[in-house]
Amino acid sequence: KQALYAELRDVEPFTRCGTRIQVMMNAGLREDISNLNLVGADGIGLFRTEFQFLVSATLPQREKQLRLYRDVLDAAGNRPVIFRTVDIGGDKAVPYLRNEDVENEENPAMGWRALRLALEREGLLKAQARALLEAASGRQLNVMFPMVSEPWEFDAAKKVFDDQLAFLTSQKRQPPESIRYGAMLEVPALAEVLDILIPKVSFISVGTNDLTQFLFAADRANPKLAERYDWLSPAILRFLRRIAQATVGQQVDLAVCGEMGGRQLEALALMGLGFRRLSITPVSVGPIKELVRQVDLAQITEAMNGWLFNPPADLRAELTKWAADQGI
Ligand code: PEP
Ligand code: MG
């Protein structure tokens, strides 16, 4: 199989019916970037900028952030990179931020984290905005905000970038050639207001790790719950299908960037729900490209529609059998 994945490295993933599926990869550290060429991903669909903060003993200064972002963009060449602004706080606590508020939280995953923290520690987000805008000088910049729960939070975060962009322009610095802003959809409430969010954003990326944690009210880090709920459950799949349907015909790119997209059956299900972009862990890129080439979208869509209309007792078992019958 490894030889096959190596062969697929430079092959664009088209389904059997001829639809191009974007297979991007997730990354977070400088060392991850070499994987782009190694696995032949379409780009980086989720760059977790907080990793630099987590591995650093002190708050990474703007210059240091800038160097990392520039190196990532250099390595990616003309492939897109989506930088997610810091998702710290909660369980990803960093010692050098005064976060006694965080330490006293009973439910850190639902606490003062990610964009919630960044919007209040505005200096942090400002510095990151400057670093990203400068790193992408003359190129395309894609910025994604984590844990957006209401559309105004997206507006507030984008304003921080707009202000920094205005400042750089006033200093006669070259801005990015273009800037696209997007939101992660990982808080269920946001799915109820997609009509308000979509006109504001260029892209939406579903974070299935947090989304399923919040849908099932099941801590994603609790080993006792790890096997209890299935990504291939009607509740999750129906929820995801509604998101996909809300974006049909809209000017917005939709992706999944949680771990779900890197698993064979789950990726197959996602394609059947209407997802055409996945950002996954690098080792999954080869296997998912291989899967894409075997898929007929009309068939999997029809199968998923049937199962979601009238769910079988064990959807995973049905999908497994179906895939085997298709020779997948
Ligand atoms: C997610 O929540 O699905 C996600 C991609 O982000 P993270 O795993 O970094 O929370
Ligand atoms: Mg998340």
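Note that the coordinates shown come from a computational prediction; the quantities given were computed from them, not determined experimentally.

Some thoughts on helix H7 (residues 122-135)
An α-helix turns once every 3.6 residues. As a result, residues three or four positions apart point the same way.
Alright, step 1. The end-to-end C-alpha separation of H7 is 20 Å, in line with the 20 Å expected for 14 residues at 1.5 Å each.
Alright, step 2. Restricting attention to buried positions, one finds in H7 the residues Leu125, Gln128, Ala129, Arg130, Ala131, Leu132, Leu133, Glu134 and Ala135.
Alright, step 3. In this fold, the buried residues of H7 make contact with helix H4 (62-76), strand S3 (81-84), helix H6 (114-120), strand S4 (140-145) and helix H8 (151-170).

Considerations on the environment of Arg276
Alright, step 1. Mapped onto the fold, Arg276 is located in the loop between helix H13 (264-273) and strand S8 (277-280).
Alright, step 2. Overall, Arg276 belongs to the partly exposed group, with 18 C-beta atoms counted inside 10 Å.
Alright, step 3. When the C-alpha atoms of Arg276 and Arg20 are compared, they prove to be 7.6 Å apart, with 256 residues separating the residues in sequence.
Alright, step 4. Once you skip the residues sitting within four places of it in the chain, Arg276 turns out to touch Thr19, Ile21 and Gln22.

Regarding unusual backbone geometry
Alright, step 1. Even without glycine at this site, Met147 takes up a positive phi of about 55 degrees.
Alright, step 2. We classify Met147 as buried; it has 24 C-beta atoms within 10 Å.
Alright, step 3. The backbone of Ala217 sits at a positive phi, close to 50 degrees, despite the residue not being glycine.
Alright, step 4. Mapped onto the fold, Ala217 is located in the loop between helix H11 (208-215) and helix H12 (234-247).

Things to note about the packing of H7 against H8
Alright, step 1. Look at H7 against H8: their axes get within 9 Å of each other, and the N-to-C directions meet at 55 degrees. Of the possible angle classes, the one that applies to H7 and H8 is oblique. Regarding H7 and H8, the two cross each other, and that crossing is right-handed. When H7 is examined against H8, the residues Glu122, Leu125, Lys126, Ala129, Arg130, Leu133 and Glu134 are found in contact with a partner set consisting of Ala157, Val160, Phe161, Gln164, Leu165 and Leu168.
Alright, step 2. Here the residues of the contact of H7 with H8 are counted per class, giving eight nonpolar, one polar and four charged.

A word on the site of ligand 1
Alright, step 1. Around ligand 1, a shell composed of Leu46, Arg48, Asp87, Glu186, Gly207, Thr208, Asn209, Asp210, Cys257 and Gly258 is seen.
Alright, step 2. Contributions of two or more residues to the shell around ligand 1 are made by strand S2 (44-48) and H11.
Alright, step 3. Sorting elements by how many residues they give to the shell around ligand 1 places H11 first, with three residues.
Alright, step 4. Split by residue class, the shell around ligand 1 holds two nonpolar, four polar and four charged.

Brief notes about the packing of H13 against helix H15 (residues 297-309)
Alright, step 1. Where H13 meets H15, the closest approach of the two axes is 7 Å, and the angle between their N-to-C directions is 90 degrees. Classified by the angle between their axes, H13 and H15 sit roughly perpendicular to one another. Each of Leu268, Ala269, Met271, Gly272 and Leu273 in H13 lies in contact with H15, whose residues at this interface are Leu297, Ile300, Thr301, Ala303 and Met304.
Alright, step 2. Its residues assigned to classes, the contact of H13 with H15 comprises eight nonpolar, two polar and no charged.

Brief notes about the environment of Lys126
Alright, step 1. Mapping Lys126 onto the fold places it in helix H7.
Alright, step 2. Residues Lys126 and Asn222, 96 residues apart in the sequence, show an inter-C-alpha distance of 34 Å.

Parameters and conventions
- Residues numbered from 1 in each chain as written.
- Chains lettered and ligands numbered in written order.
- Predicted model: local features only at pLDDT ≥ 70, side-chain atom pairs only at ≥ 80, totals over all residues.
- Helix = DSSP H or I, 4+ residues; strand = E, 2+ residues; numbered from the N terminus.
- Expected span 1.5 Å × (residues − 1).
- Buried ≥ 20, exposed ≤ 12 C-beta atoms within 10 Å, placed from the backbone.
- Contact = placed C-beta atoms within 7 Å.
- Axes fitted to C-alpha atoms, helices over the stretch in contact; angles between N-to-C directions.
- Parallel < 35°, antiparallel > 145°, perpendicular 65-115°, else oblique.
- Left-handed = near helix turned anticlockwise from the far one by under 90°.
- Nonpolar A, V, L, I, M, F, W, Y, C, P; charged D, E, K, R; others polar.
- Near = placed C-beta within 6 Å.

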